[in-house]
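Below are the chains, spelled out letter by letter.
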Amino acid sequence: MSVRKDLVQEYHEGLRESDHARVLACLTEDVVWDLPGFRHLAGKAEFDSEIENPDFEGSPTLFVDRLVEEGDSVVAIGRGEGRHKVGGPFRFAYCTVFTFNNDLIGRVESYVVPVT
């Protein structure tokens, strides 16, 4: 596995454990996280606020089914589940594009689709 794919795996491990420091260590200071149709976050402080979304409880279950690397990007395709405080279980499929700035992730674009 490449160094960049390893970092994307590390990022996912941090999310699975709600380990803010672990996730943030993978990111540039000026990281941007786009969740089309939901939110646009800029900088580590805003990113940190979304690691544990207040509408959810506990840490998410995430399965990375495939990683694809091209140029300065790694794409993670997977599925997961979280627990919404009001709505209960939330199952989803996702595709996230990680764009690197040197050795760290500088941009994250997450496309999330609810599944039943």
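One can find the structure itself at the top, above this paragraph.
This is a predicted model, so every value here is computed, not measured.

Here is what the cut-offs are and how they apply
- Residues numbered from 1 in each chain as written.
- Predicted model: local features only at pLDDT ≥ 70, side-chain atom pairs only at ≥ 80, totals over all residues.
- Heavy atoms only, no water.
- Pairing = 2+ DSSP bridges.
- Helix = DSSP H or I, 4+ residues; strand = E, 2+ residues; numbered from the N terminus.
- Axes fitted to C-alpha atoms, helices over the stretch in contact; angles between N-to-C directions.
- Core = buried A, V, L, I, M, F, W, Y, C linked by side-chain atoms within 4.5 Å.
- Buried < 20%, exposed > 50% of the residue type's maximum accessible area, 1.4 Å probe, protein only.

Asks: I'd like to hear about the sheet that holds strand E4 (residues 73-84), residue by residue, with values.
Replies: Strand order in the open sheet made by the six strands is E2-E1-E6-E5-E4-E3, with mixed pairing throughout. Of all strands in the sheet, those bounded by a partner on one side alone are strand E2 (39-42) and strand E3 (56-70). Between one strand and the next, the sheet's axes are offset by a mean angle of 20°, whatever the strand orientation. With 12 bridges joining them, E4 and strand E5 (residues 88-101) adopt antiparallel strand pairing.

Asks: For the nonpolar core, give the residues involved together with the corresponding values.
Replies: Core analysis: the biggest nonpolar cluster contains 24 residues, and Tyr-11, Leu-27, Phe-47, Phe-98 and Ile-105 have the highest contact counts within it. Those elements that provide at least two residues to this core are helix H1 (3-16), helix H2 (20-24), strand E1 (27-35), helix H3 (44-51), E3, E4, E5 and strand E6 (104-114).

Asks: How would you explain the pairing of E6 if you had to name every residue and give the values?
Replies: By the bridge criterion, four bridges tie E1 to E6 in an arrangement that is parallel. By the bridge assignment for E6, Val-32 is matched with Arg-107. Note: E5 against E6, 10 bridges, orientation antiparallel. Within E6, the residue paired with Asn-101 across the bridge is Leu-104. As consecutive antiparallel partners, E5 and E6 are separated by two residues, and within that stretch Asn-102 has a phi angle of approximately 60°, a positive value.

By themselves, these are just geometric observations and shouldn't be taken as functional.
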